[in-house]
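# Structural characterization, general
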Amino acid sequence: MSENTVIPVAGERPYEVTIGRGILSLVADALPDAARKVLVVHPPTLAAQASALRDSLMASGDLQVLLAEVPDAEQGKRVEVAAFCWQVMGQADFTRTDAVVGFGGGAVTDLAGFVAATWLRGVAVVQVPTTVLGMVDAAVGGKTGINTAEGKNLVGAFWTPTAVICDLALLDSLSRNERVAGFAEVVKAGFIWYPEILDLIEADPEAATDPTSPAFRRCIELAIEMKAKVVGEDLREAGLREVLNYGHTLGHAIEHAERYQWRHGAAVSVGMMFAAELSRLAGRLSDAAATRHRTILELLGLPTSYRAGAFQQLLATMQRDKKTRGAMLRFIVLDDIAKPTVLQAPDESLLFAAYQEIAAS
């Protein structure tokens, strides 16, 4: 077994992200000493693994471990699903010293974190992401939330986990398409912070997306390290953390337009392509850097365009986005690779022109 990598996340409630293979046994150690009850939130596809995790936790100490099976992906991020989890916890008499474990992809860890943040105004949560997206984005940083009919993540709370356990062996069974969809967030980390990620993808896209390769692990570690540095300095998105929204303003609007049938990574991929074109047309980013976006995303098989004629619908959704302040749209754009900045209240004609650059014929 290779040595584990431990990445600290600073802040008011510091914690660690541990990356390795075959490390699910660390979940028990991450739980609070006073915990006597644990709720493991998981999707149906991980029912067998969740049962095994429950047995492992119960064998490790005097714990009552309950399973809450929730719908997969964005269908699980609904208030009705959160209420189901609260009901299980209430009927089992969960107290403030008990804990929640989020065992699944980004949607599951978002939900589990929100359930933990709101039960008795906050109980411990240990995040065990099982997808690339969950590992590099959703499980790290303390943002929790659920969706509403009006948009994505409009209801939520900042609630940091006590630990994040990233067992890369959990990714081995995922299809390449599933891994690549999550890899959009890794690419984002390359464009806004660590260009080494982009170099690794360009050198060998197959190795970069193979969970057993050193290149893949390096990409994951760099993406997590970037997230840890940013959220450790700015948990509540008062400043620096805003750079993590690169590609997300349009990306979230696309997800909403597609009724969350698009994978998050696919939508963010298009969103990054739009942000790159917006940066270029605003005179901030070179043609070569914008083209590099398209090249890398297409090397991975990620989408770089969206349907023509959807601009007004997407614009209306973006104007309701939680990143908007007052009536002013804000976009994270690039002055260069690894030099993100904010473009505030761009003219609608500029947004339309950038959209035309990514509109599918």
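For the structure itself, consult the block above.
Everything numeric here is computed off the predicted structure, so don't read it as measured data.

## With respect to the packing of aromatic side chains
Counted under the stated rule, the structure contains 6 aromatic pairs. Between Phe311 and Phe352, the aromatic rings sit 5.4 Å apart at their centres with planes inclined by 75 degrees, giving edge-to-face as the arrangement. Placement of Phe311 in helix α13 (residues 311–318) and of Phe352 in helix α14 (residues 348–358) is noted, with a sequence separation of 41 residues between them. On the accessibility criterion, Phe311 (5% relative accessible area) is buried. The class for Phe352 is partly exposed, based on a relative accessible area of 40%. Here the aromatic residues Phe311, Phe352 and Tyr355 are joined through ring pairs into a cluster of three or more. A cation sits over an aromatic face here: Arg13 above Trp159, 4.1 Å from the ring centre.

## Details of the pairing of strand β6 (residues 124–129)
In the case of a regular strand, side chains alternate between the two sheet surfaces. Burial analysis of β6 places 6 of its 6 residues in the buried class, the great majority of the element. Of the pairings in the sheet, the one linking strand β5 (residues 99–104) to β6 comprises 6 bridges and is parallel in character. Its bridge partner being in β6, Ala99 is matched across the sheet by Ala124. Handedness of the crossover joining β5 and β6 through helix α4 (residues 106–118) is recorded here as right-handed. Inspection of the sheet shows β6 paired to strand β9 (residues 163–167) by 2 bridges, in the parallel sense. Residue pairing across strands places Gln127 opposite Val164, the latter belonging to β9.

## Quick notes on the pattern of salt bridges
Considering all chains together, one arrives at 22 salt bridges under this definition. Linking Glu74 and Lys77 is a salt bridge whose minimum nitrogen-to-oxygen distance equals 3.9 Å. Taking the relative accessible area as the measure of exposure, Glu74 reaches 13% and is therefore buried. Since its relative accessible area comes to 1%, Lys77 is described here as buried. Of the charged contacts, one joins Glu185 and Lys188 as a salt bridge, the two residues approaching to 2.9 Å between their closest N and O atoms. One end of the pair is Glu185 and the other is Lys188, both in helix α6 (residues 176–192) and 3 residues apart, which spans about a single turn. One exposure class covers both Glu185 and Lys188, and it is buried. Residues participating in the shared-partner salt-bridge network are Glu74, Lys77, Asp110, Lys152 and Glu255.

Conventions we followed
- Residues numbered from 1 in each chain as written.
- Predicted model: local features only at pLDDT ≥ 70, side-chain atom pairs only at ≥ 80, totals over all residues.
- Heavy atoms only, no water.
- Phe/Tyr/Trp six-rings, centres within 6.5 Å; stacked < 30°, edge-to-face > 60°.
- Helix = DSSP H or I, 4+ residues; strand = E, 2+ residues; numbered from the N terminus.
- Buried < 20%, exposed > 50% of the residue type's maximum accessible area, 1.4 Å probe, protein only.
- Lys NZ or Arg CZ within 6 Å of the ring centre and 35° of its normal.
- Pairing = 2+ DSSP bridges.
- Right-handed = clockwise from strand over helix to strand, strands pointing away.
- Salt bridge = Lys/Arg side-chain N within 4 Å of Asp/Glu carboxyl O.

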